[in-house]
Structure formats: C-alpha cells, structure tokens
Amino acid sequence: MSRSRWRCAGGALLWLSLVGLGVLVSALLIRTYTLQERRRAGPWQGEGVRGAELGELERGQLIEALRGEMQRGERGHLREALRGAIRIPTVSFSEEEQNTTALAEFGEYIRKVFPGVFSSSLIQHEVVAGYSHLFTVRGSDPSLLPYMLLAHSDVVPATSEGWDVPPFSAEEHNGYIYGRGTLDDKSCVIGILQALEFLLKRSYKPRRSFYVGIGHDEEVSGHKGAMKIVAKLQSQGVALAFVLDEGLAVLDRVIQGVRRPIALVGTTEKGSITLKLTVNRAPGHSSMPPPETSIGILAAAVSRLEQNPMPNMFGAGPEGAMFEQLAGEFVFPLNVMMANLWLFSPLISRILELKSSSNAIVRTTTALTLFNAGIKSNVIPPSASATVDFRLHPAQTVQEVLDIVRNTIRDDRVELAVLKAFNPLPVSPYDEGNFGYQVLQRTIHAVFSDAPVAPGVCIGNTDSRHFVNLTNSIYRFTPVVLKPEDMSRIHGLNERIAQEDFERLVQFYYQLIQNSDADKVPTSHRTAHEL
Ligand SMILES: *[C@@H]1O[C@H](CO)[C@@H](O)[C@H](O)[C@H]1NC(C)=O
Ligand SMILES: *[C@@H]1O[C@H](CO)[C@@H](O)[C@H](O)[C@H]1NC(C)=O
Ligand SMILES: [Zn+2]
C-alpha cells in the first residue's frame, strides 16, 4: 500500500473520529443542559398558589409572615424550649439500658412547654411503651389519607471529655446552642411540637389528619417505641400518605464539586448484618504449636473480607438518580459527567470509592469491629471470635451478602453466626406525582432558598424503617443546613445548632403541615402541553 493511500485512510479516519467526537460532545452537552432543564422545581413552582385548595400565601411569604409574627417573646420561648430539652439526659446506653428517669422527665417537660398541644380538642395524646408519644391530630376532611411526622427523644451517650462545654448544659455561644441532641434529634422533636403549638395558637385547623410520633429508643433500634407505635396504628388499620423522619439534610459544600446548598431527601436506608465469626481449635501448650492457631485462621479470614470489598453497585440504587438530578449543580466537567452516567458511570464509581464517606454510598461496607482471642501468652488459644458489621447497599440482600462472605472466606473452620440482619429499605417514590415527596420539595424550596432537591440514600438507620407496612412513601430529611465541619458533630463532640437554623427548622414544620393540606399534587402545565 502506498504512503498516500495510508495518508488518505488516516485522513478519513481522523475526519471520522472528529465527526464522531463532535456528535459525542453534542450528545453529552445536550444531555447536560436538558437534564438541568428537566430538574425543574416541582409541580407547585412557577404557578403560584392555585386556588383556595392550597389556602396559604405564596411561597416564601409564609416564612416572612411567621418571622414577622413570631414575637420576641415567642422566639425566646422557642430557644428556651430546645435548651430545656437538651438538659434532660435521655441517654440510650444499650437496648437494655436507657435512662428511664430522664425519659419520664422528658414526658413531663413537653406537657409543660406545649400546653396548647396537650389541651387541644383536635389532638389525642397517648404514651406508648412507657416513654414514647403518639399524637393524633384530627383533620376536617376524613377523605384525605393522613401522614406522619417522626422524631426521637433519646440520644447517644456523651461525657464532658473533648467537649468545649458540658454536653447536657445547652450553653449558648456565638449564636449556637451546644449539646447532645441539638442535631440528633431533639431539635426535630421540639420543632414539630413547637410548630404545632404556634399553629394552634393562630387557630389553625388542619384539613388532612396527621400523626406525630416521638420514639424513645431510636438510637438502640426502635424496637420498643417506634415498633409499638406501628403495631398500634396497624391494629387500627391506618394507612399513611407518607412518613417524614430524620435523615439527610441540606448539604452545603459537603459533596465536592457542588456549588450551592442542595437538599437530599433519603428515599431508602441501607440494610445491616452483624456477623459473628468463630474458630474453635484444640487447646495445648505453645511450645509445640500446630501450624495454625484459631487466631491465625480467623485473622486470615477477616483479612480476606477486608481485602475483598463487596462489589461496587453504583447506579443500581437511587444514588444514580441523585447524581443525575444534581448534574447541573456540579462544576464543569463534573456536570457533563454526571449528566451522562451512561458513559461516565464506571469512572465516577471509581472516584466515589476513594473516600470512605462516598464509598459507603456505592457499596455494602465491611467493618471489622470486634476481635477476641487468647487466654495466656503460652497457651494455644482454644477459640477466637470476631464481629463484622456490614451495611447493605440498597440493591443487595442479606442472603446475597452472606453468600459472598462464605465465598470470600472459603474456610469451613470458620463458623458464621448472624447476630442481627435486615434488608435495605424499599426505595420510596420520588416522581412528580408523589404527594409526600412533592410536598416536601415544595416546603424545602420555600424554607431553604430554592435549594435543589434530590433523592438520596441514608447510610444510617432511623425509626422510620419500622413503618414499611403503613406506607410506601417514607422520607428521611432533617430540615437543617449541614456544612462539612458539622458532619462529625452528629454522635460526636460539640454537637450544636445555630439559633437561626433552629428557627428555620420550626418554620419548615410550620409550613409543611399547612402544605400537606393540599388534596393532591397539581398536574403540571408541562405535562399538559406535552399531551
Ligand atoms: C438520668 O437522668 C437523671 C435526670 O432525669 C439524672 O439526674 C441522672 O444523672 C441520669 N443518669 C445517668 C446515668 O445519666
Ligand atoms: C409487616 O407485616 C408483615 C405481615 O403482617 C410482618 O411479617 C412484618 O414483620 C411487618 N413488618 C414490620 C416492619 O412491621
Ligand atoms: Zn437520630
């Protein structure tokens, strides 16, 4: 073949690949920008408030109204209500050990601080399982399916060590209230009841009935509080339009490459397996050891688990939709990549693996948490045991993970015992027609300056997981803005909330309750035109 023909072929190839590249680039860009377009602000936005069915003021105006209406005294009351709640050490030490004195005191406390809630003829209050609380708020239109707001009163332990102020002091510094429970989850308990108290004071009567559930053992499983509340509602044949519990939040610069605060609503939460591994061998003197002891066998097994992480499942759960919906919020070139997961998902899934926080989103995680073995320095250990904590990606089941574990260990001398296990929670709907998700989105837009809303995965577990039989629409969202430095305060040192953030949290529930009075999601203009 002559040189010129080579050049010609080369030229054609170059030309073709240029055309190909051009087509590809246009496809990527078109998807990037049409997706942004599609990530509209939800069916309620841009149409104003339609008719009397929504009843209230325009988006945002309500907030201002509440701000204006909230007198100095009320704002002071709000702050003191939270501070008083923080001072009661409602600690859950374990499933068996809780500070029941404090839990009882907490019950007295809310009666005292929210007299309107406890005396209203619209509201029925019941104590469940000794320390949990169930409020039934009767709406005027029994044809509307009720919804439920959840929060929990117990907290994880905290000692003064490492804290700048004692953890149950509720001290104020620079506009922040410090203390265990300020983020998880007493702000929500007090926030929901305070919003209700304000509404009652303004003679508000809901159209749609709703429940408020305050669990008392969320931090140690919710087996007593939340589960009893569920059993009670289920025995009455209650079905719920949606459930809102704590969970994800408005994240400000927490996700790298995202330019402004974004609201993530948890539509599922990871499953969990607590697995105990045991190796038993004949004991003996260490002067004549066998080639492997129980410690060596078990160490090799757990090491294999650590060296062989569970498969990367990026895109198989709602995390794919999350990145796609937020694509337009990322800086270039991440925005193009997120909008074109069909091409870039292998690359993005690798990038997400690099940090433990994002790795937890793309796969079932494996954490070796306990290792016990040996009795004396010159005795062959008769037994060694280890505990592994797996957190399951929404697209995997307990059975699938256990199969992989057996395959990875491949050693019959290692006995496996499942101490505790549950599957990931079903993914709640987040489409344009879903009432709960859209009411949340509408309220988030109004209270958090139009922060974009996207579905997300809760890495931790909440009381709401016990509600799957009452509704398919379970959402996990704590109405606060979290910055990167706040993340470690939850269950950690110097947990705190800004007074302003707490006021906004109350406004969120205040508005959510009223927005939930709508009959249904309005059919959007866009859909009408497309038809
Ligand atoms: C339990 O709570 C009470 C207050 O309700 C408190 O006086 C007591 O110190 C707490 N106990 C523990 C072990 O934290
Ligand atoms: C849901 O209902 C089924 C059947 O009644 C029951 O077996 C299951 O335990 C319930 N799940 C929860 C979380 O309550
Ligand atoms: Zn919590």
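Details of the structure are given in the entry above.
Notes on the structure follow. (Residues numbered from 1 in each chain as written. Chains lettered and ligands numbered in written order. Predicted model: local features only at pLDDT ≥ 70, side-chain atom pairs only at ≥ 80, totals over all residues. Heavy atoms only, no water.)

1. Describing the site of ligand 2
Just so we agree on the cut-off: Proximity is defined per residue: if any heavy atom of the residue lies within 4 Å of a molecule or strand, that residue is considered near it. Here the Shrake-Rupley method, with its probe set to 1.4 Å, supplies the accessible areas, and only the displayed protein chains count as covering residues.
Surrounding ligand 2, one finds H466, V468 and N469. Burial of ligand 2 by the protein amounts to 34% of the accessible area it has alone, namely 360 Å².

2. Section: the pattern of salt bridges
Quick note on the threshold: A pairing counts as a salt bridge when a side-chain nitrogen of Lys or Arg comes within 4 Å of a carboxyl oxygen of Asp or Glu. In this description a helix means any DSSP run of H or I spanning at least four residues, a strand means any run of E spanning at least two, and both kinds are numbered starting from the N terminus. Relative accessible area decides the class of each residue, using a 1.4 Å probe on protein chains only: under 20% of the type maximum gives buried, over 50% gives exposed, and in between gives partly exposed.
Inspection of the entire model under this criterion finds 18 salt bridges. Across the pair R207 and D141 runs a salt bridge, and its minimum N-O distance is 3.5 Å. Pair noted here: R207 is in the loop between α7 (186–201) and β6 (210–215) and D141 is in the loop between β2 (132–137) and β3 (147–152), with a separation of 66 residues, a long-range link. Residue E329 pairs with R260 through a salt bridge whose shortest N-O separation is 2.8 Å. Of the two residues, E329 is situated in the loop between α10 (319–326) and α11 (334–339) and R260 in the loop between β7 (243–251) and β8 (262–269); the sequence distance between them amounts to 69 residues. For E329, a relative accessible area of 7% gives the class buried. Counted as one network, the salt bridges with shared partners bring together R79, E80, R83 and E172.

3. Concerning a nonpolar patch on the surface
Put simply, the rule reads: Exposure above 30% relative accessible area and no salt bridge define the residues that can form patches, which grow by joining like charges within 9 Å and nonpolar side chains of Val, Leu, Ile, Met, Phe, Trp and Tyr within 5 Å.
Together, L347, I351 and L354 give the surface a local cluster of nonpolar side chains, amounting to about 320 Å² of exposed area. Locating L347 in the fold gives a position in helix α12 (residues 341–353). Judged by relative accessible area, L347 falls into the partly exposed class, the value being 43%.

4. Some thoughts on helix α16 (residues 499–515)
We apply this condition: Expected helix span is taken as 1.5 Å per residue step, with the number of steps being one fewer than the number of residues.
Relative to the 24 Å expected for 17 residues at 1.5 Å per residue, α16 spans 24 Å between its end C-alpha atoms, a close match to the ideal helical length. Here α16 lies mainly inside the structure; 16 of its 17 residues are buried.

5. Concerning the nonpolar core
For clarity, the threshold we go by: Buried Ala, Val, Leu, Ile, Met, Phe, Trp, Tyr and Cys residues that are joined via side-chain atoms within 4.5 Å together make up what is termed a nonpolar core. Just so you know, the domain bounds were taken from an automatic or database domain assignment. Every residue pair with non-hydrogen atoms within 4.5 Å of one another is taken to be in contact.
Ranked by internal contacts, the top residues of the largest apolar core, which has 91 residues, are I190, L244, L264, F448, F477, F508 and Y509. A total of 10 residues in this core trace back to one element, the largest contributor, which is α7. Taken together, domain 1 (56–267 + 426–515) and domain 2 (269–422) each give at least three residues to this core, which thus spans both. When sequence neighbours within four positions are dropped, the list of residues in contact with I190 reads A81, L82, A85, F106, Y109, F114 and F502.

These figures capture arrangement, not role.
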